[in-house]
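# Observations on the model geometry
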Amino acid sequence: MHYLIKKLLPSVAVAFTVTGLSLPMSARAQTYPIDCAILLCLSGGWPASVPCARARAEFIRRITPWPVEPPLQIWRCPMGASYEGDRPPNNAGRIFEALYRPDSHRPLQSLPRDKFVPADQALRLVQDRADIDISGPEFNFVRSIRVFDVRYARQYEAGSEGDCERYATVVLGTYGTQGDFSWQRSSITALPEAHVGLERWGQNCPGIYHRSVFVDWRDYDGNYDFEQVNY
């Protein structure tokens, strides 16, 4: 799969052109699944191309307040059938089977829910998660995405004795095994080193007022990257 990622990423531009990227800008967002582009381009480290530039722009737009959305909404990218029988022993390569077919250059579509289901298969209800099994290590890059929403952070001296007051609300968004996204409470101390703006938090009592959204991730090769949006 590593070899396929490097080899097939340039073909994304062709695939998206076929699926509608030649249309006017106002129509393009509705003519192909942008989350398929985000998924593929993220895995390859956002290679230089027009489709990947647009995918990254959407990825960052979603974490630009308000509201803060999951930057990758994998449930919007049809990757396989909505039905499954026995789980295959290895999902390596399925991301490309799902997103790219040489015969059609189009993403595979999920089967309609009212289609006849063989007796040996069970209907899988997919909601806010991937429609194939992505629990394998080849999809670790999805689970590496973290969204830190620093909704409020303030530090200041108060009172005649110069007591230091600190208030902060930080939440962390993460992806589960199947690409499901959830929020949980976090803290200033949990912010990655790459985050900028709160380095002096807890050091004496310099005045600080800060709000930001910080997203970081690792691509398929494990390379680290991040973006921060202050507001």
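None of the values given here were measured: they were computed from a predicted structure.

Looking now at the state of the cysteines. Counted by the stated rule, this structure contains three disulfides. Here Cys-36 is linked by a disulfide to Cys-77, with a sulfur-sulfur distance of 2.1 Å. Disulfide Cys-36-Cys-77: torsion about the S-S bond near 105°, hence right-handed. A residue pair is termed long-range when its members are at least 10 positions apart, and Cys-36 in helix α4 (residues 34-43) and Cys-77 in the loop between α5 (50-61) and β1 (83-84) qualify at 41 residues. Judged by relative accessible area, Cys-36 falls into the buried class, the value being 3%. For Cys-77, a relative accessible area of 1% translates into the label buried. Sulfur-sulfur distance for the disulfide between Cys-164 and Cys-205 comes to 2.1 Å.

Okay, the sheet that holds strand β7 (residues 224-230) next. Strand order in the open sheet made by the five strands is β5-β4-β3-β6-β7, with antiparallel pairing throughout. At either end of the open sheet lies a strand with only one pairing partner, and these are β5 (181-185) and β7. The mean angle between the axes of side-by-side strands here comes to 20°, regardless of whether they run parallel or antiparallel. Contacts from α5 reach β6 (208-218) and β7 within the one sheet, and its direction differs from that of β7 by about 50°.

In this section: the confidence of the model for the chain. Per-residue confidence for the chain averages 77 on the pLDDT scale, and 66% of its residues sit at or above 70. Ranking the helices and strands of the chain by mean pLDDT puts β7 first, with 98, and helix α3 (residues 25-28) last, with 37. Across residues 1-31, where pLDDT falls below 50, the model places 47 contacts with residues more than four positions away in sequence or in other chains. Counting interchain partners and residues more than four positions distant, the pLDDT-below-50 stretch residues 81-88 has 25 contacts.

A separate point is the environment of Ser-187. Examined against the element boundaries, Ser-187 turns out to sit in the loop between β5 and β6. A relative accessible area of 29% places Ser-187 in the partly exposed class.

Our focus in this paragraph is α5. Over its 12 residues, α5 extends 16 Å from the first C-alpha to the last, a length consistent with the 16 Å expected when each residue adds 1.5 Å. Regarding α5, the residues found buried are Pro-51, Cys-52, Ala-55, Arg-56, Glu-58, Phe-59 and Ile-60. Taking the backbone nitrogen of Cys-52 as reference, a side-chain oxygen 3.2 Å away marks Ser-49 as the first, capping residue of α5.

Once that is clear, we can look at α4. Among the 10 residues of α4, 10 are classified as buried, and the element is accordingly described as predominantly covered. Taken together, the buried positions of α4 are occupied by Ile-34, Asp-35, Cys-36, Ala-37, Ile-38, Leu-39, Leu-40, Cys-41, Leu-42 and Ser-43. One or two positions beyond α4, positive phi appears at Gly-45, with a value near 80°.

The next point concerns the packing of α4 against α5. Direction vectors running N to C along α4 and α5 enclose 100°, while the axes themselves pass 9 Å from each other. Looking at the two axes, α4 sits roughly perpendicular to α5. Residues Ile-34, Ala-37, Ile-38 and Cys-41 of α4 lie in contact with α5, whose contacting residues are Cys-52, Arg-54, Ala-55, Glu-58 and Phe-59.

For the rest of this paragraph, the subject is the pairing of β6. Side chains on a regular strand alternate between the two faces of the sheet. Along β6, eight of the 11 residues are buried, which leaves the element largely enclosed by surrounding structure. As paired strands, strand β3 (residues 146-158) and β6 are joined by eight bridges and run antiparallel to one another. When the bridges of β6 are listed, Phe-148 appears paired with Phe-214. Note: β6 against β7, seven bridges, orientation antiparallel. By the bridge assignment, Asp-216 is partnered in β7 with Phe-226. Turn length for the β6-β7 hairpin, with the two strands adjacent in sequence and antiparallel, is five residues, and the turn residue Gly-222 shows positive phi of about 90°.

Definitions and cut-offs
Residues numbered from 1 in each chain as written. Predicted model: local features only at pLDDT ≥ 70, side-chain atom pairs only at ≥ 80, totals over all residues. Heavy atoms only, no water. Disulfide = S-S within 2.5 Å. Helix = DSSP H or I, 4+ residues; strand = E, 2+ residues; numbered from the N terminus. Buried < 20%, exposed > 50% of the residue type's maximum accessible area, 1.4 Å probe, protein only. Pairing = 2+ DSSP bridges. Axes fitted to C-alpha atoms, helices over the stretch in contact; angles between N-to-C directions. Contact = heavy atoms within 4.5 Å. pLDDT = per-residue confidence, 0-100. Expected span 1.5 Å × (residues − 1). Polar contact = N/O pair within 3.5 Å; in protein donor to acceptor, adjacent residues only side chain to side chain. Parallel < 35°, antiparallel > 145°, perpendicular 65-115°, else oblique.

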